[in-house]
Amino acid sequence: MRTVRELSRSEIDQLIQRNCWGVLSLAQGNEPYAVPVIYGYDGDAFVFANGPGRKVDIIDANPRVCLVITEVEEAGKRWRSVLVRGMVEWIDDVTGKLSAFNTLRKQVPASGTRVRDGAKLASARVARLRADEITGRAAG
């Protein structure tokens, strides 16, 4: 049987920084909903951009979320995961949105495309996830 251990804060931070993709879990009433997201992390909060749809509607109704970031090796014999619980808030000001897009651009490989269209930037739904709790575990 494999031993599961807690990750140190340093290991958690490294895992978050070397990835850019996670699964965001939401709840609408008593119905769970999970969706993959591309995130950026600035050391304080996670950010992600959104188009209109179910995810945005659910967050509007219930901003409590859980983000899971996972690395799997050797067909699941070795894995590491980080679980982030917290509250999503929408970034409405253009300066905040620009900062969030810069955070995403730094995190996501080959994402050098800049948003130059002011109307697109102004209308984007950009979210900030402020973590109440960040934990990590590993096995293998």
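Given the structure is predicted, the values throughout are model-derived calculations rather than measurements.

**Student:** Could you clarify how one ought to interpret the pairing of strand β5 (residues 46-50) in this entry?
**Tutor:** Each regular strand displays side chains that alternate between the two surfaces of the sheet. Judged by how many residues are buried, β5 sits mostly within the fold: four of five residues are covered. Both strand β4 (residues 40-41) and β5 contribute to a ladder of two bridges, which runs antiparallel. Looking at the pairing, Tyr-41 lines up with Phe-46 of β5. Hairpin connection between β4 and β5: a loop of four residues separates the two successive antiparallel strands, and Gly-43 in this loop has a positive phi of roughly 95°. As judged from the five bridges shared by β5 and strand β8 (residues 125-139), these two strands associate in the antiparallel manner. Bridge pairing links Val-47 to Arg-128 in β8.

**Student:** Would you explain the packing of aromatic side chains in this entry?
**Tutor:** Two aromatic rings, taken as a pair, are described by how far apart their centres are and by the angle between their planes. Applying the stated criterion to the full structure yields two aromatic pairs. Ring geometry for Tyr-39 and Phe-46: centres 5.6 Å apart, planes at 70°, overall edge-to-face. With relative accessibility at 1%, the residue Phe-46 sits in the buried group. Between Tyr-41 and Phe-46, the ring centres sit 4.3 Å apart and the planes meet at 35°, which makes this aromatic pair tilted.

**Student:** Just to check I follow, could you spell out the nonpolar core for this structure?
**Tutor:** Here is a general trend for soluble globular proteins: nonpolar side chains tend to be buried in one another's company. Counting 26 residues, the largest nonpolar core has Ile-16, Leu-24, Phe-46 and Val-82 as the members making the most contacts within it. Put simply, the parts of the chain that give this core at least two residues each are α1 (9-18), β2 (21-28), β3 (31-38), β5, α2 (54-61), β6 (64-73), β7 (78-91) and β8.

**Student:** How should I be thinking about the pairing of β3 in this particular structure?
**Tutor:** Where β2 and β3 come together, eight bridges link them in antiparallel fashion. When the bridges of β3 are listed, Ala-27 appears paired with Pro-32. Here β2 folds back onto β3 in antiparallel fashion, the turn holding two residues, of which Gly-29 has a positive phi close to 65°.

Conventions used here
Residues numbered from 1 in each chain as written. Predicted model: local features only at pLDDT ≥ 70, side-chain atom pairs only at ≥ 80, totals over all residues. Heavy atoms only, no water. Buried < 20%, exposed > 50% of the residue type's maximum accessible area, 1.4 Å probe, protein only. Helix = DSSP H or I, 4+ residues; strand = E, 2+ residues; numbered from the N terminus. Pairing = 2+ DSSP bridges. Phe/Tyr/Trp six-rings, centres within 6.5 Å; stacked < 30°, edge-to-face > 60°. Core = buried A, V, L, I, M, F, W, Y, C linked by side-chain atoms within 4.5 Å.

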